[in-house]
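If you want the building blocks of each chain, they are given just below.
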Amino acid sequence: MTKPAVRAHSAETPASVTFQSVTKRYPDGTIGVDGIDLVCEAGKITVFVGPSGCGKTTTLRMINRMISPSSGTILIGDRDSATFDEAQLRRGIGYVIQNAGLFPHRTVIDNIATVPVLLGVNRREARAAAMELLERVGLDASLAKKYPYQLSGGQQQRVGVARALAADPPVLLMDEPFSAIDPVVRAELQDELLRLQREIGKTVIFVTHDMDEAIRLADRIVVFQRGGTIAQSDTPERLLIEPASPFVRDFTGDSGIKWLSLMSTEQIASSSSRLVSERDSLTPSDEWRLSVDDAGVAQYWIAPGQVEHTLATPCRRTFVVGLDPMRAALDSSLMSPAGLAVATDESQRVLGLVDFAQFDAAIHRYRSTAHA
């Protein structure tokens, strides 16, 4: 009799993944993973990072038993993964890999519908659900009948995510899914994953070499070190503020700058006193000012003493208050000839300018909270 699939945990509720003294030892004596104890919380994004060969991908693949542990126990929810039928276990866990891994001979819609059909869902129903998933991952319905080779790399990865979500799994595994994508599309896919996670709240376990990506995505970061052991498992904030060892400190790199990626700009103060309309006649001033159009969108920097709009320097960087992190605000400041960051709302209407004193006050408030 076939054992029940992992979906027995209920697709409505994400499942935690727990490692209890898990070791992977290969026949030649090589240790892939050495006695790890770890809990990946239900409904959260846990990111595995570390140098090549440290065991992070091995750990990920032991969850769906693509690699079998030599000893120890892996629980999905409260059940030992070894008690599941292997094929059913894999069908019940979403899995996204680098370069998407789509079936080249199947259309986009049939790629997405693959697992539900294998689980016994009527093909018509599976395709209807797949169409909904296309929209959910930000793809147009017109792509449904195309083949993978007709899509861009970013589109293929979105299809890969949709396919992994098609059976509504309690756990989603992602093995360096964005590493082969160009930086702009990679950032878009990271944003898309975070948006999806806010909507569906899966247990996501994500492998990457990129510490910036880990900080951007993770609720918890697990740093592996050579020998297949865990150097530190912590929130991104704690990992950057209190590295557990010199290895973790060196691996995180410029942790102070990365910390800015975690800081919200929601409470940052700004001033609108230096904003001027493009229609206004300029009078000399000893301060830098910013001209805005009729919709309040940033246009040009106006230098001290300058009285002509046409000689002004274009405003090249802004940040959205509450949406972009402090790192984006700092970037806006550094790219400004005035050394001032330009704060906007989501419609790009300028709310005000942020000077160094306002930056310093916001960072001090965040530091006090983080160290509390």
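Provided above is the structure to which this section pertains.
What counts as what
- Residues numbered from 1 in each chain as written.
- Predicted model: local features only at pLDDT ≥ 70, side-chain atom pairs only at ≥ 80, totals over all residues.
- Heavy atoms only, no water.
- Helix = DSSP H or I, 4+ residues; strand = E, 2+ residues; numbered from the N terminus.
- Buried < 20%, exposed > 50% of the residue type's maximum accessible area, 1.4 Å probe, protein only.
- Contact = heavy atoms within 4.5 Å.
- Areas by Shrake-Rupley, 256 points an atom, 1.4 Å probe, with all protein chains shown as cover.
- Pairing = 2+ DSSP bridges.
- Arc of directions from axis to C-beta.
- Salt bridge = Lys/Arg side-chain N within 4 Å of Asp/Glu carboxyl O.
- Core = buried A, V, L, I, M, F, W, Y, C linked by side-chain atoms within 4.5 Å.
- 1 Å grid on protein atoms, 1.4 Å probe; cavity = no way out; pocket = protein on both sides within 12 Å on 5 of 7 lines; lining within 4 Å.
- Points joined across faces, edges and corners; volume = space filled by probe spheres on them.
- Axes fitted to C-alpha atoms, helices over the stretch in contact; angles between N-to-C directions.
- Parallel < 35°, antiparallel > 145°, perpendicular 65-115°, else oblique.
- Left-handed = near helix turned anticlockwise from the far one by under 90°.
- Nonpolar A, V, L, I, M, F, W, Y, C, P; charged D, E, K, R; others polar.

Colleague: I'm lost on the overall build of the chain in this one. Help?
Modeller: Each helix and strand counted, the chain has twelve helices and 17 strands in total. Counting over 372 residues, the chain shows a buried share of 44%. Within the chain, residue pairs in contact and separated by at least 24 positions form 64% of the contacts whose partners lie at least 6 positions apart. Surface summary for the chain: the accessible area is close to 17600 Å², and the carbon and sulfur share equals 49%.

Colleague: Where do I start with the environment of E287 in this structure?
Modeller: Mapped onto the elements, E287 comes out in the loop between strand 11 (275–277) and strand 12 (289–292). For E287, a relative accessible area of 38% corresponds to the partly exposed category. Measuring from C-alpha to C-alpha, the distance between E287 and A303 comes to 7.1 Å, with 16 residues separating the pair along the chain. Excluding its chain neighbours within four sequence positions, the residues that come into contact with E287 are R274, I302, A303 and P304.

Colleague: What is the right way to look at unusual backbone geometry in this model?
Modeller: Glycine aside, a negative phi is what most residues show, and trans is what most peptide bonds show. The phi torsion at D168 lies on the positive side, around 50°, for a residue other than glycine. Of note in this structure, E176 is not a glycine but carries a positive phi near 45°. Structurally, E176 can be placed in the loop between strand 7 (171–175) and helix 6 (183–200).

Colleague: Looking at this structure, how should I read the sheet that holds strand 15 (residues 319–320)?
Modeller: Remark on secondary structure: sheet strands pair via backbone hydrogen bonds, oriented parallel or antiparallel. Spatially, three strands are ordered 15-16-17 in an open sheet, and the strand pairing comes out mixed. Each edge of the open sheet carries a strand with a single partner, namely strand 15 and strand 17 (350–354).

Colleague: What exactly am I supposed to notice about the sheet that holds strand 12 here?
Modeller: Spatial strand order, 11-12-13-14: four strands in an open sheet with mixed pairing. Bordering the open sheet on either side are strand 11 and strand 14 (313–314), each of which pairs with just one other strand. The sheet contact formed by strand 12 and strand 13 (residues 298–302) spans four bridges and is antiparallel. Bridging from a neighbouring strand, R289 pairs with I302 of strand 13.

Colleague: Looking at this structure, how should I read helix 11 (residues 326–334)?
Modeller: Since the α-helix turns once every 3.6 residues, residues separated by three or four places project in the same direction. For helix 11, the complete set of buried residues consists of M326, A329, S332 and S333. Buried positions in helix 11, seen along its axis, are confined to an arc of 110° and lie on one side of it.

Colleague: How do you make sense of the pattern of salt bridges when you look at a structure like this?
Modeller: Pairing is possible between side chains of opposite charge, provided their charged atoms come close. All chains considered together, the criterion is met by 19 salt bridges. Between E213 and R186 there is a salt bridge, with its nearest N and O atoms 3.0 Å apart. In this pair, E213 is assigned in helix 7 (residues 211–217) and R186 in helix 6, connecting sequence segments 27 residues apart. Linking E242 and R238 is a salt bridge whose minimum nitrogen-to-oxygen distance equals 2.8 Å. The partly exposed category is assigned to R238, whose relative accessible area is 24%. Salt bridges here are not isolated pairs; linked through shared partners, they connect R136, R158, E192, R195 and E199.

Colleague: Can you help me understand the nonpolar core in this one?
Modeller: Proteins that are soluble and globular tend to have nonpolar side chains buried together. Core analysis: the biggest nonpolar cluster contains 57 residues, and V47, I112, M174, F206, I221 and M326 have the highest contact counts within it. If one sorts the elements of this core by residue count, helix 5 (residues 153–165) sits on top with five residues. Aside from chain neighbours lying at most four places away, what touches I112 is A130, L133, L134, V159, A162, R163 and A166.

Colleague: Teacher, can you tell me more about the layout of surface pockets here?
Modeller: One water molecule sets the probe size; rolling that probe over the atoms shows where empty space is left. By volume, the largest pocket is sized at about 1200 Å³. Taken together, 32 residues form the lining of the largest pocket, with D191, L194, R216, S261 and P325 sitting closest to its centre. Listing elements by their share of the lining of the largest pocket, those giving two or more residues are helix 6, helix 7 and helix 11. A total of ten residues in the lining of the largest pocket trace back to one element, the largest contributor, which is helix 6.

Colleague: In this structure, what is going on with the packing of helix 3 (residues 108–118) against helix 5? I would like to understand it.
Modeller: Pairs of packed helices are described in terms of their axes, by the angle between the two and the distance that separates them. Direction vectors running N to C along helix 3 and helix 5 enclose 30°, while the axes themselves pass 7 Å from each other. Compared by their axis directions, helix 3 and helix 5 come out roughly parallel. In the packing of helix 3 onto helix 5, the handedness of the crossing is right-handed. Counted together, V108, N111 and I112 of helix 3 and V159, A162 and R163 of helix 5 form the full contact between these two elements. Class assignment for the residues of the contact of helix 3 with helix 5 results in four nonpolar, one polar and one charged.

Any link to function would need more than the numbers given here.
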